[in-house]
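Chains, contacts and geometry: an overview
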Amino acid sequence: MKSKRQLASNRLFHFCLVLGVFFGWGSVSFFIEDNVAWGWGFGVIALLLTVIPAIFTPYCYVFDRDGISLRYVFLPVERYLWKDIYAIEVEDTSTSSRSLLFELLFAYVFAIKGQNVGKKRFYMNGHVRKTHRTKKLFEAYWDGTVTGYLFEDTKAWIRKRKAKKQKEIKQQFTDEIVPMEREIRADVRSWLTPLVEQAKQYGLSVKATYVSVTKDGEEHCSRPHEGYTYRMIAEIAYANETEEARTVAVSVDLLYVRLGKTAYRGVKNEHAQEELQFSLSDVINEIHKNGIETYCNNEAK
């Protein structure tokens, strides 16, 4: 199945198109009957129902073994590769109270969390209309678990209970993520080198630690048997003071990791170096200028 493309339609697009045709037919009928006001009214509604979805809403979704494409009538394709997606969540996009039928048919989407291919344009939000077919296709093509479903907390509790009974994770589960974590730690050490030297000149020390943070915010020193964010925490303190002295922590997300069907899968934070250098340099300069106590007091306000 994964060797060929599979299509799924966007039923909101086709629903608007059908309504547009209906109002267009009504507009023509009113004009024939010389009812100009109603004719113009129905005509404007028909125009809005056909033009706006045709421009801003994808008419179909194309799944293949490399990724998913959201296709528009006039705008460029919005595409995501499976290897660049770190999460897919069910979200309710309704902004006000609507009928139950509308909620069930159109309000819920699969929200893709990851980096799209090419330039990020204003209309690209990674939303795929939730249907039985799109659900099945995501399960077939993406090596991960879609979250956000009803009763997900209960399912998560069951998964954690099963995970506790497993004495060890098979080696194949870590074949991909271990070298990724090792590589990103090596990158962080090179990024930190000039910042550590800068801190030494100011009489400060920088100590880096790495933790795995799960969705519920729990930090783990070891790799949890669920999706997590691999995070670096840099602690800044005065180099000549005791361990009890106050420290300032700066954290940066390095990898977004999901637990696939056969292995951990990771997606790098492409802006990690920029975030680390900007945040850490800014904090070091502020501490050098005002001191740790003043910095901590200002942050607490």
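Please read all numbers here as calculations on a predicted model, not as lab measurements.

Observations concerning the pattern of salt bridges
Side chains that carry opposite charge are capable of pairing whenever their charged atoms lie near each other. Under the counting rule described, the total for this entry stands at eight salt bridges. Here Arg-223 makes a salt bridge to Glu-181, at a shortest N to O gap of 2.8 Å. With Arg-223 in the loop between β8 (219-220) and β9 (228-238) and Glu-181 in helix α6 (residues 177-201), this pair connects stretches of sequence that are 42 residues apart. For Arg-223, a relative accessible area of 27% translates into the label partly exposed. Here Asp-253 and Arg-231 are joined by a salt bridge, their closest N and O atoms 2.7 Å apart. Linking Asp-253 in strand β10 (residues 248-259) with Arg-231 in strand β9, this pair joins segments that are 22 residues apart in sequence. For Arg-231, a relative accessible area of 21% translates into the label partly exposed. Through salt bridges with shared partners, a single ionic network connects Asp-143, Glu-176 and Arg-265.

Overview of the nonpolar core
With 33 residues, the main nonpolar core has Ile-236, Leu-254, Leu-276, Leu-280, Ile-284 and Ile-287 as its most contacted residues. Counting residues per element, the ones that place at least two in this core are α6, β7 (204-214), β9, β10, α7 (272-290) and α8 (292-300). If one sorts the elements of this core by residue count, α6 sits on top with eight residues. Those residues in contact with Ile-287 that sit more than four places away from it in its chain are Leu-204, Ile-236, Tyr-238, Val-248, Ile-292 and Tyr-295. In terms of nonpolar packing, the next biggest core, distinct from the first, is built from 22 residues, Tyr-61, Trp-82, Phe-138 and Tyr-141 among them.

Looking at the environment of Val-90
As for its placement among the helices and strands, Val-90 is situated in strand β4 (residues 78-92). Val-90 sits in the buried class, given a relative accessible area of 13%. Put simply, Val-90 and Val-146 are 56 residues apart on the chain and 7.3 Å apart in space, counted from C-alpha to C-alpha.

Some thoughts on the sheet that holds strand β3 (residues 67-71)
Taken together, six strands build an open sheet; the order of strands is β1-β2-β3-β4-β5-β6 and the sheet is antiparallel. The outermost strands of the open sheet, each flanked by one partner alone, are β1 (6-9) and β6 (127-129). Pairs of neighbouring strands in the sheet enclose a mean axial angle of 35°, with direction left out of account. For β4 and strand β5 (residues 108-116), the ladder comprises eight bridges, and the chain directions are antiparallel. Of the residues in β5, the one forming a bridge with Asp-92 is Tyr-108. Each of β1, β2 (60-63), β3, β4, β5 and β6 is contacted by helix α4 (residues 132-141), which is oriented at about 150° to β1, the strand it contacts most.

Some points on the side chain of Arg-258
Here Arg-258 is to be found in strand β10. Although Arg-258 is buried, it forms no salt bridge, and the closest oppositely charged side chain is Asp-143 at an N-O distance of 5.2 Å. Engagement of the side chain of Arg-258 in a polar contact is seen with the backbone oxygen of Ile-85, the distance being 2.6 Å. Polar side-chain contacts of Arg-258 include one of 2.7 Å to the backbone oxygen of Asp-143. Those residues in contact with Arg-258, other than ones at most four positions away along the chain, are Trp-82, Ile-85, Tyr-86, Trp-142, Asp-143, Gly-144, Gly-227, Ala-263, Tyr-264, Arg-265 and Val-267.

Remarks on α4
Buried residues of α4: Thr-134, Leu-137, Phe-138, Ala-140 and Tyr-141, and no others. Along the long axis of α4, the arc covered by the buried residues comes to 165°, so they all point the same way. In this fold, the buried residues of α4 make contact with β1, β2, β3, β4, β5 and β6.

Looking at a nonpolar patch on the surface
A cluster of nonpolar side chains, contributed by Val-44, Leu-48, Ile-52, Phe-56 and Phe-122, occupies part of the molecular surface with about 520 Å² of accessible area. Locating Phe-122 in the fold gives a position in the loop between β5 and β6. We classify Phe-122 as exposed; its relative accessible area is 69%.

Quick look at the packing of α6 against α7
The N-to-C vectors of α6 and α7 enclose an angle of 15°; their axes lie 10 Å apart at closest approach. As the angle between them shows, α6 and α7 are arranged roughly parallel. In this structure, the crossing between α6 and α7 has a hand that is right-handed. Across the interface between the two elements, Val-188, Trp-191, Leu-192, Leu-195, Gln-198 and Ala-199 of α6 pack against Ala-272, Gln-273, Leu-276, Gln-277, Leu-280, Ser-281, Ile-284 and Asn-285 of α7. Split by residue class, the contact of α6 with α7 holds nine nonpolar, five polar and no charged.

Cut-off values and rules
Residues numbered from 1 in each chain as written. Predicted model: local features only at pLDDT ≥ 70, side-chain atom pairs only at ≥ 80, totals over all residues. Heavy atoms only, no water. Salt bridge = Lys/Arg side-chain N within 4 Å of Asp/Glu carboxyl O. Helix = DSSP H or I, 4+ residues; strand = E, 2+ residues; numbered from the N terminus. Buried < 20%, exposed > 50% of the residue type's maximum accessible area, 1.4 Å probe, protein only. Core = buried A, V, L, I, M, F, W, Y, C linked by side-chain atoms within 4.5 Å. Contact = heavy atoms within 4.5 Å. Pairing = 2+ DSSP bridges. Axes fitted to C-alpha atoms, helices over the stretch in contact; angles between N-to-C directions. Lys, Arg positive; Asp, Glu negative; His and termini not counted. Polar contact = N/O pair within 3.5 Å; in protein donor to acceptor, adjacent residues only side chain to side chain. Arc of directions from axis to C-beta. Patch = residues over 30% accessible without salt bridge, like charges linked within 9 Å, V, L, I, M, F, W, Y side chains within 5 Å. Areas by Shrake-Rupley, 256 points an atom, 1.4 Å probe, with all protein chains shown as cover. Parallel < 35°, antiparallel > 145°, perpendicular 65-115°, else oblique. Left-handed = near helix turned anticlockwise from the far one by under 90°. Nonpolar A, V, L, I, M, F, W, Y, C, P; charged D, E, K, R; others polar.

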